[in-house]
Amino acid sequence: MDRKITNKKEEERKLFEELENSEYKYGFKTEIEMDIVGKGLNEDIVRLISKKKDEPDFLLEWRLRAFRHWQTMEMPEWPQLKINPIDFQEIIYYAAPKKKKSLKSLDEVDEEILDTFNRLGIPLDEQKKLSGVAVDAVFDSVSVATTFSDKLKDLGVIFCSFSEAVKNHPELIKKYLGSVVPYRDNFFATLNSAVFSDGTFCYIPKGITCPMDLSSYFRINTANIGQFERTLIIAEEGSSVNYLEGCTAPMRDENQLHAAVVELIALDDAKIKYSTVQNWYPGDKEGKGGIYNFVTKRGICKGDNSKISWTQVETGSAITWKYPSCILKGDNSVGEFYSVAVTNNYQQADTGTKMIHIGKNTKSTIISKGISGGHSNNSYRGLVRMTKSASNSRNFSQCDSLLLGNKCGAHTFPYLEVDKNNSSKVEHEATTSRIGENQLFYLQQRGLSMEDAVSMIVNGFCKEVLNELPMEFAVEAQKLLDISLEGSVG
Amino acid sequence: MLKIECLSVEIDNKEILKGINLEVNKGEIHAIMGPNGSGKSTLTQTIAGREEYKIRSGSILYKGMDLSKMAPEIRAREGIFAAFQYPIEIPGVNNTYFLRTALNAIRKHKGLEDVEAFDFLKLVKKEMKEIGMSEDMLRRSVNEGFSGGEKKRNEILQLSILQPDLAILDETDSGLDIDALKIVSEGVNRFHGPEKSIILITHYQRLLDYIKPDFVHVLSNGRIIKSGGSELALELEEKGYDWLNDLSEAEGECK
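Described in the following lines is the structure provided in the data block. Just so you know, these numbers come straight off a predicted model, no measurement behind them.

## Overview of the overall build of chain A
The helix and strand inventory of chain A stands at 11 helices and 23 strands. Scored against the burial criterion, the 490 residues of chain A give a buried share of 54%. Restricting to contacts in chain A with at least 6 residues of sequence separation, those with at least 24 account for 83%.

Quick look at the structure:
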């Protein structure tokens, strides 16, 4: 017991040390020969992407339907977000490292790419790869490497790039693609459906507990590129999986668009735990540059007694717009959403969740912690819907905001919809507080610097959420919190 | 160790301390007594470096350094410790982690290595036992949900772990029953030594039954109106503060 505490403390100590020289550490660019499709968006581009991937007709048709529908849509507006107009014709929709030949093993991945991921702390080569975590590495538009695929295959677990899944398991793609987030869902999801270039696919067969964590690491490198990837995770009856997601991008003055779609399907008694540490380039101190992170994430608890749990730590991006959601269709199914969203300087975040209760005795929990510093704006937006059929269902929501200065904003927008349902219960608690002068002084009087005091208080504030993350991720997340909050007080 | 000269302090443009003189040498225990609103807590906060308390005139020298030029955390690392009357709760921050971070910040300032996690835990457990704190306080958040007495004990735990050179105990006795008062006092006495100075700020004499001061000062309306030995405390207990009101002793008036 003590030893365990000791190890954890040790890591926490190291973490504090690393703080001293912190800034956005992942802002470097990789020089590598790329296959880039010219800027702009039209039907030909959609066809070209599909052709480059050698896709079956059904998928091309699906893309085209999405594209045609997208052309009839308008970009939505949000009262709490200021978004500079996006010129969709100025975006590159496909950029992939030029391949020397078709890759058979990781040894054949370009040095530059291996090096890039090494610098990001994600070693891909056989000797050094992370133990206990399988990684799918996505570089701009394509997946460049997937580790442990073969080992997982022995158990029947499919873990591969989306493109490979289209080739090798078209029946699964056909069955599940767009089944949770239809191509008409919303402006950015529809755009993604038309032009998505790759992503990650996971399939956990019946009764299997995935023996290692699965993860994707997304890297944007090329200037002016938009990254559009899809993640599809299917957990068959009685299976369970932990999935982790991380992301970074170079520092550039222009805004770049990342519009992903994630779909999760949990069948009877299946469990999916999905954790994200989002660290896209947030822009500089004056708010110049940074990623627009407009992501649609949704899971369906399709089967009885299934469970989907979202945990997210959002520290990056100029603008974050995402609402990882759960459709609780199966009886007794459980949805969870744990979120820490940090905004500093001129960052904006509008994030939250939707819990749609359909099955009987369904339960959902929402814990959201928003932290704002500088001139930033941080909103929680969450919907809880109890449909008529969802008898005896429960929701508990807790949304806490912490302000680190007096130029930032925190907003909470809870939406409750209860349809003729008397047996269900919805609870909502919300607090907003300013970081306490008394707390800061108390810690300083014990020898902690102002920055360390802020970091300690913020980490304490987020504890409930950070506890939901796997260990390595929690340490990473704590580091990110500290970096993101540099100079946020005062 | 500490030399306060003609110290005048204001908060929100209101003068609270109106010319204080106080000298505390190595190894001495000074008790500062006085009625409510006399400025006792202001003195603690000023020495600890709370920003809102502005020094209007006068000076505080600590180990020959001008305190007004030092940030609160530097004062702490140089060995000033203030046990507060109302210790602050910090939700979600593990008590042990907090204490260890503080200790390491102080050690780093002194050019020492971080304390070994194992040694630290051993030390903390030993001290907790002495103060009668249950070990589950190690795992709890700093002061969160602690009773008044538990908070005070936690302050004494910090005192014994951080080993400052000058400890200011602000109404540490308030809200403690006799048993707790004894235990806390024993903790303070264990801490005290020829190199360690203590300022006890208290309203009541009863604390001084357990911690024997070398000097007693009476603070009233922002001034020290009487100083003496430990017998002065007994006199105060007997007669109250009123008989002193006529005195405006203040040796060495400040302008």
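Back to the text.
## Brief notes about the packing of helix 3 (residues 95–109) of chain B against helix 6 (residues 148–162) of chain B
All names here are of chain B. Between helix 3 and helix 6, the least distance of the axes is 10 Å, while the angle of their chain directions is 35°. Judged by the sense of rotation from one axis to the other, the crossing of helix 3 with helix 6 is right-handed. Contacts between helix 3 and helix 6 involve L99, A102, L103 and I106 from the former and Q158, I161 and L162 from the latter. Of the residues contributing to the contact of helix 3 with helix 6, the split by class is 6 nonpolar, 1 polar and no charged.

## Points about the packing of helix 4 (residues 117–131) of chain B against helix 6 of chain B
Residues and elements named next belong to chain B. Relative orientation of the contacting elements helix 4 and helix 6 amounts to 135°, with a least axis distance of 10 Å. By the angle class used here, helix 4 and helix 6 are oblique. Crossing handedness for the pair helix 4 and helix 6: right-handed. Residues L123, V124, E127, M128 and I131 of helix 4 lie in contact with helix 6, whose contacting residues are R153, I156, L157, S160 and I161. Partitioned by chemical class, the residues of the contact of helix 4 with helix 6 number 7 nonpolar, 1 polar and 2 charged.

## Details of unusual backbone geometry
Its identity is not glycine, yet N305 of chain A carries a phi of approximately 60°, on the positive side. Take N305 of chain A: it is sitting in the loop between strand 13 (290–301) and strand 14 (307–314). The backbone of N221 of chain B shows a phi angle near 50°, a positive value even though the residue is not glycine. By secondary structure assignment, the location of N221 of chain B is in the loop between strand 11 (215–220) and strand 12 (223–228).

## Concerning the interface of chain A and chain B
Taken together, the 22 residues of chain A in the interface contact 26 residues of chain B. Elements represented by at least two residues in the side of chain A that touches chain B include exactly helix 1 (2–18), helix 9 (437–445) and helix 10 (450–466) of chain A. Tallied by class, the residues present in the side of chain A that touches chain B amount to 6 nonpolar, 8 polar and 8 charged.

## Description of the nonpolar core
All names here are of chain A. Counting 196 residues, the largest nonpolar core has A235 and I272 as its most contacted members. Ranked by residue count, the leading element in this core is helix 10, at 9 residues. Not counting chain neighbours up to four residues away, the residues in contact with A235 comprise I204, S240, V241, I265, A266, L267, A270, K271 and I272.

## Let's talk about the sheet that holds strand 12 of chain B
Two strands in a sheet stick together by hydrogen bonds in their backbones, pointing the same way (parallel) or opposite ways (antiparallel). Residue and element names in this part refer to chain B. Strand order in the open sheet formed by 6 strands is 6-9-10-3-11-12, and the pairing between neighbours is mixed. Strands with a single pairing partner mark the edges of an open sheet, and in this sheet they are strand 6 (80–83) and strand 12. Here the strands of the sheet are splayed against their neighbours by 20° on average, with no regard to which way each runs. Where strand 3 (residues 29–33) and strand 10 (residues 197–202) come together, 5 bridges link them in parallel fashion. The residue of strand 10 that forms the bridge with M33 is T202.

The rules behind each value
- Residues numbered from 1 in each chain as written.
- Chains lettered and ligands numbered in written order.
- Predicted model: local features only at pLDDT ≥ 70, side-chain atom pairs only at ≥ 80, totals over all residues.
- Helix = DSSP H or I, 4+ residues; strand = E, 2+ residues; numbered from the N terminus.
- Buried ≥ 20, exposed ≤ 12 C-beta atoms within 10 Å, placed from the backbone.
- Contact = placed C-beta atoms within 7 Å.
- Axes fitted to C-alpha atoms, helices over the stretch in contact; angles between N-to-C directions.
- Left-handed = near helix turned anticlockwise from the far one by under 90°.
- Nonpolar A, V, L, I, M, F, W, Y, C, P; charged D, E, K, R; others polar.
- Parallel < 35°, antiparallel > 145°, perpendicular 65-115°, else oblique.
- Core = buried A, V, L, I, M, F, W, Y, C linked by C-beta atoms within 7 Å.
- Pairing = 2+ DSSP bridges.

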